[in-house]
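Coordinate inspection notes
Residue strings, one per chain:
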Amino acid sequence: MINPIEVKNIYKNYSDKNAVNGINFSVSNNEIVGLLGPNGCGKTTTIAIMLGLLRASSGQVFIKGKDIEKNRIELLHKMNFISPYIELPKKLTVRENLIVYARLYNVSKLNDRIDYLVETLNLKDFLNQKTGELSSGQKNRVSLAKSLINTPSILLLDEPTASLDPDTGDFVRSFLEKYIKENTVSILLASHNMNEVKRLCSNVLMMKNGQIIDKGTPNELLTKHGQDNLEEVFLKLSRNEK
Amino acid sequence: MKNSLNRMYGLYLRHFFLIRNSFPRVMDLIYWPTIQITLWGFISKFFSMYSDYYNNTVGVILTCAILYDFLFRSSISFNMLFLEEIYSRNFTNLFIAPIKISEILISLILTAFLRTMIGLVPAIILTTPLFGISILNLGIPLFFLFLSLYIFGMTLGLFVSSGLLRFGPAFENIAWSTMFLLAPLGCIYYPIEILPEILQTIAKGLPLVHIFEEARHILVDGTVDYGKILNAFYLNFIYFFLGVLLFYYSFNQARKKGSLINVGE
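Residues numbered from 1 in each chain as written. Chains lettered and ligands numbered in written order. Predicted model: local features only at pLDDT ≥ 70, side-chain atom pairs only at ≥ 80, totals over all residues. Heavy atoms only, no water.

**Observations concerning the packing of aromatic side chains**
One pass over the full model with this rule turns up 20 aromatic pairs over all chains. Centre to centre, the rings of B:Phe42 and B:Phe131 are 5.1 Å apart; their planes meet at 80°, and the pair counts as edge-to-face. Linking B:Phe42 in helix α2 (residues 23-50) with B:Phe131 in helix α5 (residues 101-131), this pair joins segments that are 89 residues apart in sequence. The interplanar angle of 65° and the centroid separation of 5.2 Å between the aromatic rings of B:Phe91 and B:Phe95 together place this pair among those described as edge-to-face. Taken as a pair, B:Phe91 and B:Phe95 lie in helix α4 (residues 91-95) at a separation of 4 residues, close to a single helical turn. Each member of the pair, B:Phe91 together with B:Phe95, is buried. Site record: aromatic cluster; members linked through ring pairs are B:Phe82, B:Phe91, B:Phe95, B:Phe247 and B:Phe251. Here A:Arg141 stacks its cationic end above the ring of A:Phe171, 5.4 Å away from the centre of that ring. (Phe/Tyr/Trp six-rings, centres within 6.5 Å; stacked < 30°, edge-to-face > 60°. Helix = DSSP H or I, 4+ residues; strand = E, 2+ residues; numbered from the N terminus. Buried < 20%, exposed > 50% of the residue type's maximum accessible area, 1.4 Å probe, protein only. Lys NZ or Arg CZ within 6 Å of the ring centre and 35° of its normal.)

Here you go:
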């Protein structure tokens, strides 16, 4: 059986550095895989290649068995992405933003889908407010709604709870747990929040210097490295301690 | 086809909502063309009274000013639609949506027209009560002159947007200055003979000269030379084709160099 996400021997070389050095991994259906590593280790580069935003120097990314390079537009219909580093147009209301993205993703029954997301993510109170006027937590929920507008079967999350208060962070994590139970979706989650990764991910990839230096279930990694929590495993690996 | 139209409509709506939601933005669109055309209206009136060349051809300068402003606004409109995505840090969202480059270009070209007309129509309407002049005096050729200018405006927009794609916001200053760079060679307010010979040769390679020479020709002599209008179209299509190629090339280069990721102010 083909995994929905297959990353095969990806390299990305710039003139002054190698951002990604031959990484391989896969994500199966209804699985959340965590991508961990220090800043600049190649997580965002990997996600950008998977989205077709960046062209790999070599290697291939297969989404649902198809090469993203050759089928970019077709596959983007099935994918979506959320990151605190990109925003939705601030001067548009929440509803307007959702309408625009529903059109861009050719969502059928656009109003039903928007109503469903408004209800599920509690957007009703600020639906007609400009997106730029919202709090970080509200903006995050709107971005999450945008990332689910096309009912993606591949969801790439780049630090989805960064800079959120604990309550909103927990809301997002609970939502993702519920969402994966109710939908057929494969999720790649890049995060610096180790508790979040332990709670959500069935498998974890540890990256450093553009390479995957270790992988396994959270418990396997804890046992293997003799640590009590993933943060200690992360520190050990990122500082290259034996 | 239906899906393609839906996506283009989505991108149009993104900019339509932006304009509709902001009264200052609409005022800004109207304000500059009105000021520009009013100013040129008075200058035109003065020249028509005191210049032999413009004697009894009151509307020549003003008509050329309107045509030039149409070109300027259309090019800036296209650039602004692109810059809006950078200002709002929405660039990445746009390029991970399943919208083709051709659909982005068509949608921006049509939306830029709306943006241009919001600014220009009130200014054009004002010219009749203020100066007793109507650009409609150019007759049917006016449509071809506008179309030709619009294609060239979009071409300039494509060149600048290609730079924004490849180099990011740092290219913004170029976006504002392109039109000023070409204006002296465009022979907007004076005949091509004014230019030194070497510059005349260069200017003839631009569609602008053919458009503005013909506009003056129609207004001064009252006859139409469709050959000149056609020349402008031939040149336009060459530049437009190059602009589209450059845009695709820049998109591919941006994907290679990583400049589509996290583009913002």
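**Re the confidence of the model for chain B**
Residues and elements named next belong to chain B. Of the residues in chain B, 95% reach a pLDDT of 70 or more, and the chain-wide mean stands at 87. Confidence, read as mean pLDDT per element, is least for helix α7 (residues 172-186) in chain B (79) and greatest for helix α10 (residues 226-257) (94). Across the predicted assembly, pTM comes out at 0.89 and ipTM at 0.88. (pLDDT = per-residue confidence, 0-100.)

**Things to note about the nonpolar core**
Core analysis: the largest hydrophobic core is formed by 161 residues, its most contacted members being A:Leu156 and B:Phe95. Per-element accounting of this core gives the leading share, 17 residues, to helix α3 (residues 59-87) of chain B. Among residues more than four places away in sequence, those in contact with A:Leu156 are A:Ile5, A:Ile47, A:Met50, A:Leu51, A:Met79, A:Asn80, A:Phe81, A:Ile82 and A:Leu188. The next biggest cluster of nonpolar side chains, apart from the first, holds 5 residues, and it includes B:Cys187, B:Ile192, B:Leu195 and B:Val209. (Core = buried A, V, L, I, M, F, W, Y, C linked by side-chain atoms within 4.5 Å. Contact = heavy atoms within 4.5 Å.)

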